[in-house]
Amino acid sequence: MRLIVHNMLTCNIKGVINKFPLRIEAEKVIKKEVDFNPDFLRHMLAKIEWKALVDGARSMGYTELPDHAPDTERVESDESFLKKFHHALLELHLEEGSLVCQETGRKFPVDKGVPNMVLREDEV
């Protein structure tokens, strides 16, 4: 599971108010090379919840992202930043581990890179 996917997932348990972000508990992280596309990254930056991305990357052992998202002007000219953003967003894969609802503590397993977000009957 890539961090771009993690940035869109929420906890949909009935009654949960704080649905996002899910905390990552990484057991196995792999890196898969992806073609670098600066235009795609510039477009995605505005759509990404930055703190969730940074926290997710750090929980997977990647600490190169700044604490705060850069301004638009910097993104246009800073290829070094874009490469770090690219690596975190698209090349880090949570292969094994869990996504944890921060409100309930419910763990959603990630197996072979696929998060299982199916709710139990009592959670619907």
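Preceding this section is the structure that the text describes.
Residues numbered from 1 in each chain as written. Predicted model: local features only at pLDDT ≥ 70, side-chain atom pairs only at ≥ 80, totals over all residues. Heavy atoms only, no water.

In terms of helices and strands, the chain carries five helices and four strands. Scanning the chain from its N terminus toward the C terminus, one meets helices and strands in the order α-β-α-α-α-α-β-β-β. The principal-axis extents of the C-alpha atoms in the chain amount to approximately 50 × 30 × 20 Å. Counting the 124 residues in the chain, one finds 40% classified as buried. When contacts within the chain are restricted to residue pairs at least 6 apart in sequence, long-range pairs at least 24 apart make up 65% of them. Seen as two clouds, the 18 positive and the 22 negative side-chain charges of the chain have centres 3 Å apart. (Helix = DSSP H or I, 4+ residues; strand = E, 2+ residues; numbered from the N terminus. Buried < 20%, exposed > 50% of the residue type's maximum accessible area, 1.4 Å probe, protein only. Contact = heavy atoms within 4.5 Å. Lys, Arg positive; Asp, Glu negative; His and termini not counted. Charge placed at Lys NZ, Arg CZ, Asp CG, Glu CD.)

This part is about the pattern of salt bridges. The tally for this structure, following the rule as stated, stands at eleven salt bridges. The residue Arg74 makes a salt bridge to Asp78 at a minimum N-O spacing of 2.8 Å. Overall, Arg74 belongs to the partly exposed group, its relative accessible area being 36%. Glu123 is the partner of Arg120 in a salt bridge, and the nearest nitrogen-oxygen pair spans 3.0 Å. One salt-bridge network, in which partners are shared between bridges, spans Arg106, Arg120, Asp122 and Glu123. (Salt bridge = Lys/Arg side-chain N within 4 Å of Asp/Glu carboxyl O.)

All right, on to the packing of aromatic side chains then. Applying the stated criterion across every chain, the model contains three aromatic pairs. Geometrically, the ring pair formed by Trp50 and Phe85 is tilted, given 5.7 Å between the ring centres and 40° between the ring planes. Linking Trp50 in helix H3 (residues 50-59) with Phe85 in helix H5 (residues 79-91), this pair joins segments that are 35 residues apart in sequence. When its relative accessible area of 0% is taken as the criterion, Phe85 is described as buried. Ring-pair connections join several aromatic residues into one group, and the members of that group are Trp50, Phe81 and Phe85. (Phe/Tyr/Trp six-rings, centres within 6.5 Å; stacked < 30°, edge-to-face > 60°.)

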